[in-house]
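Residue-level structural notes
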Amino acid sequence: MELAERYVLDHGYTDKEAKVDLFDIKPDIVEKMVPRKNALELRRNTLMPKAVFASRGLRRWTVGFKSNLDSTRYRIVRIYRNGKRIEMEHQDLKITFE
């Protein structure tokens, strides 16, 4: 979970300033439609900095972060090959309780 938390922090998803160069960010499908500097603005403070769940699969870890915008939504970070490839899912995971 530590790698995913570092990724979320460094890539500007928390309330802290991003520590990644604008040319090193990996824009998701929506962010590709705006200039890179605006992508960081769109990300800022959208996620809580601490992961709330993690699941190990055969080839990757799936780590979830609670949204600051909607308490029923989570963003997923996928970690492949022992951290050599880390990606943010572009779509939220919505959890409802009935």
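I will try to describe carefully the structure that is included in this document. Within each chain, residues carry numbers counting from 1 in the order of the written sequence. Whole-chain, interface and lining totals are the exception, using all residues; otherwise, since this is a predicted model, local features are given only for residues with pLDDT of at least 70 and side-chain atom pairs are given and counted only at 80 or more. As a rule here, side-chain values come from all non-hydrogen atoms in the structure, and water together with hydrogens is ignored.

Between Lys or Arg on one side and Asp or Glu on the other, a salt bridge is scored when a side-chain nitrogen of the former is within 4 Å of a carboxyl oxygen of the latter. Enumeration according to the criterion identifies eight salt bridges in this entry. Of the charged contacts, one joins Glu 31 and Arg 43 as a salt bridge, the two residues approaching to 2.8 Å between their closest N and O atoms. A residue pair is termed long-range when its members are at least 10 positions apart, and Glu 31 in the loop between helix H1 (2–10) and helix H2 (36–43) and Arg 43 in helix H2 qualify at twelve residues. Pair check on accessibility: Glu 31 and Arg 43 agree, each one buried. We note a salt bridge from Asp 70 to Arg 73, for which the minimum N-O separation is 3.3 Å. Secondary structure elements are taken from DSSP: a helix is a run of H or I of four residues or more, a strand is a run of E of two residues or more, and numbering for both begins at the N terminus. Type-normalised accessible area, obtained with a 1.4 Å probe on protein chains alone, sets the label of each residue: buried when under 20%, exposed when over 50%, and partly exposed for intermediate values.

Further remarks concern the nonpolar core. Counting twelve residues, the largest nonpolar core is built from Ala 4, Tyr 7, Val 8, Tyr 13, Leu 47, Ala 51, Val 63, Phe 65, Val 77, Ile 79, Ile 86 and Met 88. Apart from the residues lying within four places of it in its own chain, the contact partners of Met 88 are Tyr 7, Val 8, Tyr 13, Leu 47, Arg 75, Ile 76 and Val 77. We call a set of buried Ala, Val, Leu, Ile, Met, Phe, Trp, Tyr and Cys residues a nonpolar core when their side-chain atoms join them within 4.5 Å. Contact definition: two residues touch when any of their heavy atoms are within 4.5 Å.

To continue, consider the packing of aromatic side chains. Centre distance within 6.5 Å is the pairing criterion for rings of Phe, Tyr and Trp, where only the six-membered ring of Trp is used; planes under 30 degrees apart are then read as stacked, over 60 as edge-to-face, and the remainder as tilted. A complete count under the given rule lists one aromatic pair for this structure. Definition used: whenever NZ (Lys) or CZ (Arg) falls within 6 Å of the ring centre and also within 35 degrees of the ring normal, the charge is taken to sit over that ring. Lying across the ring of Tyr 80, Arg 85 places its NZ or CZ 4.0 Å from the centre.

Okay, the pairing of strand S1 (residues 47–56) next. Examined bridge by bridge, S1 and strand S2 (residues 60–67) share six bridges and lie antiparallel to one another. Of the residues in S2, the one forming a bridge with Leu 47 is Ser 67. Two strands qualify as a pair provided DSSP detects at least 2 bridges between them. Once S1 ends, the chain turns through three residues before running back antiparallel as S2.

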